[in-house]
Amino acid sequence: AMRAGAGLVTVGVPQSLNTALQKKISPVVMTLSLPETRGQSLSSRALPLIEKERQRFDAVAIGPGLSRNKDTLSLVKKIVVSIERPLVIDADALFAVAPAPQILLRTNTPKVLTPHLGEMARLTGLNTSAIERDRQGIAKRFAIKYRCTLLLKGQRSIVASPAGKIYVNTTGNVGMATAGSGDVLTGIIAAFLGQGIGAFEATRHAVYVHGKAGDLAAKKIGKVSLIASDLLELLPAAFQKSLPRR
């Protein structure tokens, strides 16, 4: 998110892990210590503090590294229906939403969902082969039905808007199928949303520049050795190559 132009990023973190994370990411990213479960994941008791602090933030990303603790998943659902800020819903947050995606309709807050094929199967109840046969159609119908922007990740990722627009991405490569790559993309989308860009435009530009960074990394070090931190290092170059020339 910081590499994508966010002025300030704060990570909500279980209180017992706060000091360790501060040492790791300070001074670039701030932390917000929150109540935790016995398993050291975020607790639903964190909601009042998150609601109190929400005025400080222009967008919220939720999901990466969150865990599937029952109480944590309850917190996710409460955030989805109560935090009136543009939301990026990814990873374990998608797992929380999947049993009842109609909660997405509870507010008019812009929402971006970023499932890979398996997560899309869970969200829709369809098998992965059925989704593969009609990726654009299924993404479009889901986005319209649940009034969200849907990013179906994979080779030639698809972005669908709640108005039925479709964007098929042309950047990226198989080397990006590595742990943490999707988390980088979530951060870029959140940064764009926080800068006031509409959900569909923010998502399609984010997936393009994310893939561009992956292509630059593949040229530099090869697809086999590519890891998520390589994308971070090459985001500045990806932005430079993606911006209009003056």
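Anything mentioned here points back to the structure above.
In this text, all values refer to a predicted model and were calculated from it rather than measured experimentally.

A. Here's a closer look at the overall build of the protein. The helix and strand tally for the protein stands at 10 helices and eight strands. Whereas a compact globule of 246 residues would reach a radius of gyration of roughly 18 Å, the protein reaches 17 Å, a difference of no more than 12%. Principal-axis analysis of the C-alpha atoms gives the protein an extent of 45 × 40 × 35 Å. Counting the 246 residues in the protein, one finds 49% classified as buried. Summarising the internal contacts of the protein: among those between residues at least 6 apart in sequence, 57% fall at separations of at least 24. Carbon and sulfur atoms form 52% of the exposed surface of the protein, whose accessible area is close to 12,500 Å². Computed over 33 positive and 16 negative side-chain charges, the inter-centroid distance for the protein is 3 Å.

B. Representation of the packing of helix H8 (residues 181-194) against helix H9 (residues 199-221) within the structure. Axis separation between H8 and H9 bottoms out at 9 Å; the angle between their running directions is 140°. Considered as vectors, H8 and H9 are oriented oblique to each other. Considering only the axes of H8 and H9, their crossing is right-handed. For the pair H8 and H9, contact is made by Ser181, Val184, Leu185, Ile188, Ile189, Phe192 and Leu193 and by Ala199, Ala202, Thr203, His205, Ala206, Val207, Val209 and His210, respectively. Taken together, the residues of the contact of H8 with H9 sort by class into 11 nonpolar, four polar and no charged.

C. Structural detail: the environment of Pro64. As for its placement among the helices and strands, Pro64 is situated in the loop between strand S3 (60-62) and helix H3 (70-82). Sequence-wise, Pro64 and Ala93 are 29 residues apart; in three dimensions their C-alpha atoms are separated by 7.7 Å. If we ignore the near neighbours within four places in the chain, the residues touching Pro64 are Asp90, Ala91, Asp183 and Thr186.

D. Representation of the packing of helix H5 (residues 117-124) against helix H7 (residues 135-145). Running from N to C, H5 and H7 cross one another at 50°; their axes reach a closest spacing of 12 Å. Accordingly, the angle class assigned to the pair H5 and H7 is oblique. When you trace H5 past H7, the crossing you get is left-handed. Together, Met120, Leu123 and Thr124 of H5 and Ile138, Ala139 and Phe142 of H7 make up the contact between the two elements.

E. Expanded view of the environment of Ala163. Relative to the helices and strands, Ala163 is located in the loop between strand S7 (158-160) and strand S8 (166-168). Sequence separation of Ala163 and Lys78 is 85 residues, and the distance between their C-alpha atoms is 26 Å.

F. Summary view of the nonpolar core. Membership of the largest hydrophobic core comes to 38 residues, with the highest contact counts inside it found for Ile89, Leu113 and Phe142. In terms of residues, this core owes the most to one element, H3, which gives five residues. Sequence-distant contacts of Phe142, that is, excluding residues within four places in its chain, are made with Pro101, Leu104, Leu113, Met120, Leu123, Thr124, Cys148 and Leu150. Core analysis: the second largest hydrophobic core is formed by 36 residues, Ala202, Val207, Ala213 and Phe239 among them.

G. Just unusual backbone geometry, in detail. Omega for the peptide link from Ser26 to Pro27 comes to 5°, which places this bond in the cis form. Unusually for a residue other than glycine, Gln40 sits at a positive phi of about 65°. Inspection of the secondary structure puts Gln40 in the loop between strand S2 (30-34) and helix H2 (47-53). Note on Gln40: relative accessible area 39%, which makes it partly exposed. Here the phi dihedral of Arg147 falls at roughly 50°; this positive angle occurs in a residue that is not glycine. Counting through the fold element by element, Arg147 comes out in the loop between H7 and strand S6 (149-152).

H. Structural context of the sheet that holds S3. Within the open sheet, the six strands sit side by side as S3-S4-S5-S6-S7-S8. Their pairing is mixed. Looking at which strands have only one partner, the edges of the open sheet turn out to be S3 and S8. Averaged over neighbouring strand pairs, the angle between their axes works out to 15° when direction is ignored. Pairing analysis gives three bridges linking S6 to S7, with the strands arranged antiparallel. Looking across to S7, one finds that Leu150 is bridged to Ala160. Sitting on the sheet, H7 touches strand S5 (111-113), S6, S7 and S8, and the angle it makes with S7 is about 30°.

Analysis parameters
- Residues numbered from 1 in each chain as written.
- Predicted model: local features only at pLDDT ≥ 70, side-chain atom pairs only at ≥ 80, totals over all residues.
- Heavy atoms only, no water.
- Helix = DSSP H or I, 4+ residues; strand = E, 2+ residues; numbered from the N terminus.
- Rg over C-alpha atoms; globule rule 2.2 N^0.38 Å.
- Buried < 20%, exposed > 50% of the residue type's maximum accessible area, 1.4 Å probe, protein only.
- Contact = heavy atoms within 4.5 Å.
- Areas by Shrake-Rupley, 256 points an atom, 1.4 Å probe, with all protein chains shown as cover.
- Lys, Arg positive; Asp, Glu negative; His and termini not counted.
- Charge placed at Lys NZ, Arg CZ, Asp CG, Glu CD.
- Axes fitted to C-alpha atoms, helices over the stretch in contact; angles between N-to-C directions.
- Parallel < 35°, antiparallel > 145°, perpendicular 65-115°, else oblique.
- Left-handed = near helix turned anticlockwise from the far one by under 90°.
- Nonpolar A, V, L, I, M, F, W, Y, C, P; charged D, E, K, R; others polar.
- Core = buried A, V, L, I, M, F, W, Y, C linked by side-chain atoms within 4.5 Å.
- Pairing = 2+ DSSP bridges.

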